[in-house]
Amino acid sequence: MASQAADRGDRYVSFLGLDCDAKAEAMMEMLSGAMRTSSSQWVGYFEQKLAENQKMGRDSLYFVGSQVNALSAFFEEEGDEAALSLLAELEDKCC
């Protein structure tokens, strides 16, 4: 079991080399693009949460970490496998 943890990297020790901030920014770009073309009920939810996140001065990684379940539901609804894959990676390694 310790070998598996070593292979994946220990996110609690360090995020060095994982490029979590860039991946979170990529996730935000995917979210923004999907929101522009979607008629999902999630769009209004994310508009509100993004405004709150900005008002509180929080970064993209914080937003992604706090919205994993909502993001997952939205991207599943949209059928966006690339976004779901990136979200899974972010959740596993960065959040």
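Residues numbered from 1 in each chain as written. Predicted model: local features only at pLDDT ≥ 70, side-chain atom pairs only at ≥ 80, totals over all residues. Heavy atoms only, no water.

Honestly, the pattern of salt bridges in this entry has me stumped. Any pointers?
Enumeration according to the criterion identifies 2 salt bridges in this entry. Among the salt bridges present, the one from Lys 23 reaches Glu 89, with a minimum N-O distance of 2.6 Å. Taken as a pair, Lys 23 in helix α2 (residues 20-37) and Glu 89 in helix α6 (residues 81-93) lie far apart in primary sequence, 66 residues in all. By relative accessible area, Glu 89 is classed as partly exposed at 29%. Between Glu 52 and Lys 49 there is a salt bridge, and its shortest N-O distance comes to 3.5 Å. On the criterion of helical spacing, the pair formed by Glu 52 and Lys 49 is a turn pair, its members being 3 residues apart in helix α3 (residues 42-55). Taking the relative accessible area as the measure of exposure, Glu 52 reaches 33% and is therefore partly exposed. Relative accessible area serves as the criterion here: at 23%, Lys 49 is assigned to the partly exposed category. (Salt bridge = Lys/Arg side-chain N within 4 Å of Asp/Glu carboxyl O. Helix = DSSP H or I, 4+ residues; strand = E, 2+ residues; numbered from the N terminus. Buried < 20%, exposed > 50% of the residue type's maximum accessible area, 1.4 Å probe, protein only.)

Worth remembering: the numbers are spatial, not functional.
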